[in-house]
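Letter by letter, the chains look like this.
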Amino acid sequence: MLDLTKLARQMQGLSQHLSQEAVAGRQRLELAQQHLINAYECQQDLIERQEKWRDRILFANATPIEPLETRIDIPVPPKVHTVIATDGSQIAPSHHEIAYCYLLNIGRVVLHYGQNRHPLLDSLPEVFYRPEDLYTSRQWGIRTEEWMSFCRTASEATVLAELACGVMEGRGGQGGQGGQGSKYVSSPLYPHSPLSTLSPSSSSQDRIPTLAMVDGSLVYWFLEQLPLEARDRILPPILQAWQQLRDAGIPLMGYLSASRNVEGINFLRLMACPHPVPDCVSYCPNQLEKVPCKVFEPLRDTALWSTQLQPGQRGPLWRSNARILEFYEGQNIYFCYVHVGTEIARIEVPAWVVENTAMFDEALGLMLAQVQKGYGYPVAIAEAHNQAVVRGGDKARFFALLEKQMIKAGLKNVGTSYKEARKRGSIA
């Protein structure tokens, strides 16, 4: 139980610290704005230096592929369109529960606008209890809880592609942007999920703009730390799903709210570098220490672009240079920052979306409409989360159902540990 009286004594020091940080933050922001303006004139030179010394630069940075002064108004989306989203949740394994297992629940949402069709809002649960599901990851030093979240990421991608291909199949296999038809993605978790609810009410062959959205980044930084064998269990299904979306002509978009990324700010560090060349390996090998070019830290990209963009505008496109993208089989990730009205959102898309300008602009329009419909956050992603989330009552019912099945199977002494039982109720 939290003692608010004791806690209140510490609030004064916290408020003073935050006030000081606010002043320092404004100074860093003004410095970043000045560096951005200066970079307008020497952008190409900075990119050439970045490319030449990329193997010697020790901090994550992105490459602008449009002029830094780019400000583009996002077009109004068509009234008739479809938005697809998935999100996942889980019940983590615990030795104190009646059985050591875990559950993944993938929320699915398909919203049709201007088509007189019912939406799809449901979830696909899957329980994992076999030894190969629970203990395989330990050979790589990965805890089961972490491995579970990695598998969830892959499942979200495969289910998203399955939904998108189901939509295109229902329209007669017409790709959203002149695609090559569609095939279902065989998900390792849901190989036979029913998609009959996606059948359209008419046999119209007209192209309907469609967008597939996920919550979070398409750059899976966590894969960098995984052994190759473990990475090969997670990344290939994701890339296969993305290829299916590409074949169907449906743009994929990652939406990041309150992004903490600094790849764009770090590009300006090339200008702040006081050394003849940006050779971090020679001049600043320990990036954890205070280095001369870290004049903006801990300023984020979103803070800078909040001063540059008007509502409904996007900034320049950037190419991420994250090392993990070397394993993406050519599907590089690009991003831009968009003023969605309530915040600066980071929007990520694969290279094949950026290469099709009409597809990219249309996708941005659909995204902005989703944010407006969701009062500041894409409604499809929010609903996918609501479908996926496992609440306390759901968890209790899950273990009650499991207990019933275990008793029916003849198992005895079924129940939680004494520790878990005592934590759920107080004696004092």
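Structure first, text after, so check above.
Only a predicted model underlies this, so the values are computations on that prediction, with no experimental measurement involved. (Residues numbered from 1 in each chain as written. Predicted model: local features only at pLDDT ≥ 70, side-chain atom pairs only at ≥ 80, totals over all residues. Heavy atoms only, no water.)

## Description of the packing of aromatic side chains
What characterises a pair of aromatic rings is the spacing of the ring centres plus the angle enclosed by the ring planes. The line we're drawing: For Phe, Tyr and Trp, where Trp contributes only its six-membered ring, two rings pair if their centres lie within 6.5 Å, and the inter-plane angle classes them as stacked under 30 degrees, edge-to-face over 60, or tilted in between. Numbered from the N terminus, helices here are DSSP runs of H or I no shorter than four residues, and strands are runs of E no shorter than two. With a 1.4 Å probe rolled over the protein chains alone, any residue whose accessible area is under 20% of its type maximum counts as buried; one over 50% counts as exposed, and the rest are partly exposed.
Within the structure shown, the criterion is met by 11 aromatic pairs. Seen in terms of ring centroids, Y220 and W242 are 6.3 Å apart; in terms of plane orientation they differ by 35 degrees. Their pairing is tilted. With a gap of 22 residues between them, Y220 in the loop between β6 (210-215) and α5 (228-248) and W242 in helix α5 connect regions that are remote in the sequence. With a relative accessible area of 3%, W242 lands in the buried category.

## Thoughts on the state of the cysteines
Our working rule: Sulfur atoms of two cysteines make up a disulfide when they are within 2.5 Å.
Counted according to the given criterion, the structure contains zero disulfides. The thiol of C273 is unpaired, and the distance to the nearest cysteine sulfur, on C293, comes to 6.0 Å. A relative accessible area of 18% places C273 in the buried class.

## Notes on the packing of helix α2 (residues 43-52) against helix α6 (residues 263-272)
Stated precisely, the cut-off is as follows: Lines are fitted to the C-alpha atoms to define the axes, a helix being fitted only along its stretch in contact, and any angle between axes, read from their N-to-C directions, falls within 0 to 180 degrees. To sort the angles, those under 35 degrees are grouped as roughly parallel, those over 145 as roughly antiparallel, those from 65 to 115 as roughly perpendicular, and the leftovers as oblique. Residue contacts follow a heavy-atom distance rule, with two residues in contact if any of their heavy atoms lie within 4.5 Å. When residues are grouped by polarity, Ala, Val, Leu, Ile, Met, Phe, Trp, Tyr, Cys and Pro land in nonpolar, Asp, Glu, Lys and Arg in charged, and all others, Gly among them, in polar.
Axis separation between α2 and α6 bottoms out at 10 Å; the angle between their running directions is 95 degrees. The angle between α2 and α6 falls in the class roughly perpendicular. Together, Q43, L46, I47, R49 and Q50 of α2 and F267, L270 and M271 of α6 make up the contact between the two elements. The residue inventory of the contact of α2 with α6, partitioned by class, reads five nonpolar, two polar and one charged.

## Overview of the pairing of strand β5 (residues 120-128)
Cut-off, in case you're wondering: In this analysis, strands are considered paired if DSSP registers two or more bridges between them.
By the bridge criterion, nine bridges tie strand β4 (residues 102-113) to β5 in an arrangement that is antiparallel. Along β5, the bridge assignment pairs N105 with P125. In this antiparallel pair of consecutive strands, β4 and β5, the connection spans six residues, and G114 shows a positive phi of 70 degrees.

## Observations regarding the pattern of salt bridges
Oppositely charged side chains may form a pair once their charged atoms are brought near each other. Basically, it comes down to this: By definition, a salt bridge exists where a carboxyl oxygen of Asp or Glu is found within 4 Å of a side-chain nitrogen of Lys or Arg.
If you walk through the whole model with that rule in mind, you get 12 salt bridges. Salt-bridge contacts for E156 lead to R152; the nearest nitrogen and oxygen are separated by 3.4 Å. Of this pair, E156 and R152 both sit in helix α4 (residues 144-170), four residues apart, which is roughly one turn of that helix. Across the pair E297 and K294 runs a salt bridge whose closest N-O atoms are separated by 3.9 Å. For K294, a relative accessible area of 11% puts it in the buried group.

## Here we look at the pairing of strand β11 (residues 344-350)
Counting buried positions along β11 gives seven out of seven residues, so the element sits mostly inside the fold. Because side chains alternate across β11, one face comprises the buried residues I344, R346, E348 and P350, and the other comprises A345, I347 and V349, equally buried. Sheet topology places strand β7 (residues 252-256) next to β11; three bridges connect them, and they run antiparallel. By the bridge assignment, G254 is partnered in β11 with E348. Of the pairings in the sheet, the one linking strand β10 (residues 333-339) to β11 comprises seven bridges and is antiparallel in character. Note that in β11 the partner of V338 across the bridge is A345.

## As for the side chain of N266
For clarity, the threshold we go by: Pairing of N or O atoms within 3.5 Å defines a polar contact, subject to two protein rules: one partner must be a possible hydrogen donor and the other a possible acceptor, and residues neighboring in sequence count only if both atoms are side-chain atoms.
As for its position among the elements, N266 is in helix α6. Assessed through its relative accessible area of 8%, N266 is described here as buried. A distance of 2.6 Å separates a polar side-chain atom of N266 from the backbone oxygen of A60. Excluding residues that lie within four positions of it along the chain, N266 makes contacts with F59, A60 and N61.

## A closer look at α5
Put simply, the test is: One less than the number of residues in a helix, times 1.5 Å, gives the span that helix is expected to have. Fitting axes to the seven residues that end at a residue and to the seven that start at it, the angle between those axes gives the bend at that residue.
Here α5 is 21 residues long and its end C-alpha atoms lie 30 Å apart, about the 30 Å a rise of 1.5 Å per residue gives. At I234, α5 shows its strongest bend, of approximately 30 degrees, with the proline P236 following within four residues. Where α5 is concerned, the buried positions are A230, R231, I234, L235, P237, I238, L239, A241, W242, Q244, L245 and A248. Looking at the buried positions of α5, the neighbouring elements they touch are α4, β6, β7, β10 and α9 (351-354).

## As for the nonpolar core
Filter applied, for reference: Residues belong to a common nonpolar core when they are buried Ala, Val, Leu, Ile, Met, Phe, Trp, Tyr or Cys residues joined through side-chain atoms within 4.5 Å.
W242, L245, M253, Y255, Y328, I347 and M367 are the most contacted members of the largest nonpolar core, which totals 79 residues. Counting residues per element, this core draws most heavily on α4, which supplies 12 residues. Counting residues in each nonpolar core, the second largest holds 28 residues, with L36, I57, F59 and C293 among its members.

## Let's talk about the side chain of E348
When you line up the elements, E348 lands in strand β11. By relative accessible area, E348 is classed as buried at 1%. Within polar-contact distance, the side chain of E348 engages the side chain of R346 at 2.7 Å. Ignoring anything within four residues of it in the chain, the contact list for E348 reads S217, L218, V219, L252, M253, G254, L256, I333, Y334 and F335.

## Side note on α2
Using the following cut-off: The arc in question is the one spanned by the directions pointing from the helix axis to the C-beta atoms.
All of the buried residues along α2 are Q43, L46, I47 and Q50. All buried residues of α2 fall inside an arc of 100 degrees around its axis, so they share one side. Elements in contact with the buried residues of α2: α1 (4-41), β1 (62-64) and α6.

## Side note on the environment of P311
Tracing the sequence through the fold places P311 in the loop between α8 (301-305) and β8 (313-314). Residue classification places P311 among the exposed positions, given a relative accessible area of 53%. When the C-alpha positions of P311 and D73 are compared, they lie 8.6 Å apart, and in sequence the two are 238 residues distant. Excluding residues within four positions of it along the chain, P311 makes contact with H339 and G341.

## Side note on a nonpolar patch on the surface
Selection rule: Patch building starts from residues that exceed 30% relative accessible area and form no salt bridge, then joins like charges within 9 Å and nonpolar side chains (Val, Leu, Ile, Met, Phe, Trp, Tyr) within 5 Å. Surface accessibility in these figures is a Shrake-Rupley result with a 1.4 Å probe; residues are shielded only by whichever protein chains are displayed.
A contiguous nonpolar patch, built from M11, L14 and L18 and spanning about 270 Å² of accessible area, is present on the exposed surface. Within the secondary structure layout, L18 lies in helix α1.

Taken by themselves, the reported measurements are silent on function.
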